[in-house]
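Chain residues, written in single-letter form:
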Amino acid sequence: MDKLKKRIIEEGVVVSEEVLKLDKLLNHQVDPELMMELGREFAERFRGEGITRVVTVESSGISIAFATAYALGVPLVFARRKKTLLEEADMLQERVPSFTKGIVTDILISRDLINAQDRVLFIDDIIANGDAAKGLIKIVERSGAKLVGAGIVVEKCFQSGAQAIRDQGIRLETLAKIKSLENGQVIFAE
């Protein structure tokens with residue numbers, strides 16, 4: 001998507017050869033019009049898969065997952081990163097490291113929100129090492145639901161996450177693939 005790539009170049013900040021900050025675009029400030037366009041793109045790519053739920057991980061994936069769920073006409077379920085006082089004792093839970101936060105957290109989804117009758121699409125903003133994606137995939141599997149695929153806005157090809165997901169036989173669609181962040185430049189893969 002050329003529009004997305006242009007916005008990444010204009011608004012992204014290369015922090016290091018491994019970190020691209022997209023705060024003005026995806027995960028601190030959100031452009032609703034762009035998110036809806038990206039959501040329609042993912043919906044079109046996965047239309048016909050019989051999706052009944054879109055899932056993501058709190059919090060950066062919520063805006064794009066919402067747009068995708070809206071375009072598909074299905075509910076959005078997001079995995080929480082913190083337990084609340086209202087959480088039930090029997091949650092679907094997985095411990096995952098966060099590449100950008102440098103911490104390990106639990107992600108949790110209520111067993112009432114996804115089940116064996118569901119066909120699930122996982123949507124997220126960025127994939128680096130893929131730890132959150134791998135954790136969410138395990139939760140979906142334990143729920144008995146069918147994971148029909150994953151849609152990621154930005155894939156960092158120089159890190160192993162996306163390939164690890166593909167190696168599991170999971171269909172992974174990305175809208176912008178970044179080959180490198182060397183010398184402070186965003187270089188897209190073809």
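Not measured: the values here are computed from a predicted model. (Residues numbered from 1 in each chain as written. Predicted model: local features only at pLDDT ≥ 70, side-chain atom pairs only at ≥ 80, totals over all residues. Heavy atoms only, no water.)

1. Regarding the packing of helix 3 (residues 32-46) against helix 4 (residues 62-72)
Where helix 3 meets helix 4, the closest approach of the two axes is 7 Å, and the angle between their N-to-C directions is 55°. Here helix 4 runs oblique to helix 3, going by the angle between their axes. When you trace helix 3 past helix 4, the crossing you get is right-handed. In this structure, helix 3 contributes Met35, Met36, Leu38, Gly39, Arg40, Phe42 and Ala43 to the contact, and helix 4 contributes Ser63, Ile64, Ala67, Thr68, Tyr70, Ala71 and Leu72. Class assignment of the residues belonging to the contact of helix 3 with helix 4 gives a composition of 10 nonpolar, 3 polar and 1 charged. (Axes fitted to C-alpha atoms, helices over the stretch in contact; angles between N-to-C directions. Helix = DSSP H or I, 4+ residues; strand = E, 2+ residues; numbered from the N terminus. Parallel < 35°, antiparallel > 145°, perpendicular 65-115°, else oblique. Left-handed = near helix turned anticlockwise from the far one by under 90°. Contact = heavy atoms within 4.5 Å. Nonpolar A, V, L, I, M, F, W, Y, C, P; charged D, E, K, R; others polar.)

2. A look at the nonpolar core
Residues Leu4, Ile8, Leu38, Val54, Leu121 and Val153 are the most contacted members of the largest nonpolar core, which totals 31 residues. Broken down by secondary-structure element, the contributors of at least two residues to this core are helix 1 (2-11), helix 2 (23-27), helix 3, helix 4, strand 7 (119-127), strand 8 (146-156) and strand 9 (172-180). The biggest single contributor to this core is helix 3, with 6 residues. Sequence-distant contacts of Val153, that is, excluding residues within four places in its chain, are made with Leu4, Leu26, Leu38, Phe42, Ile64, Asp124, Asp125, Thr174, Leu175 and Ala176. Val77, Ala79, Val96 and Ile107 belong to the second-largest nonpolar core, a separate cluster that totals 26 residues. (Core = buried A, V, L, I, M, F, W, Y, C linked by side-chain atoms within 4.5 Å. Buried < 20%, exposed > 50% of the residue type's maximum accessible area, 1.4 Å probe, protein only.)

3. Remarks on the packing of aromatic side chains
In total, this model carries 1 aromatic pair according to the counting rule given. Relative to Tyr70, the ring of Phe66 lies with its centre 6.3 Å away and its plane at 25°, an arrangement referred to as stacked. Taken together, the positions of Phe66 and Tyr70, both in helix 4 and 4 residues apart, correspond to about one turn of that helix. Take Tyr70: its relative accessible area is 59%, and that puts it in the exposed class. Looking at Lys5, its charged tip hangs above the ring of Phe188, at a distance of 5.5 Å from the centre. In this structure, Arg171 is placed above the aromatic ring of Phe46, and the distance from its NZ or CZ to the ring centre is 4.2 Å. (Phe/Tyr/Trp six-rings, centres within 6.5 Å; stacked < 30°, edge-to-face > 60°. Lys NZ or Arg CZ within 6 Å of the ring centre and 35° of its normal.)

Honestly, that's just the spatial picture; any functional story needs more than this.
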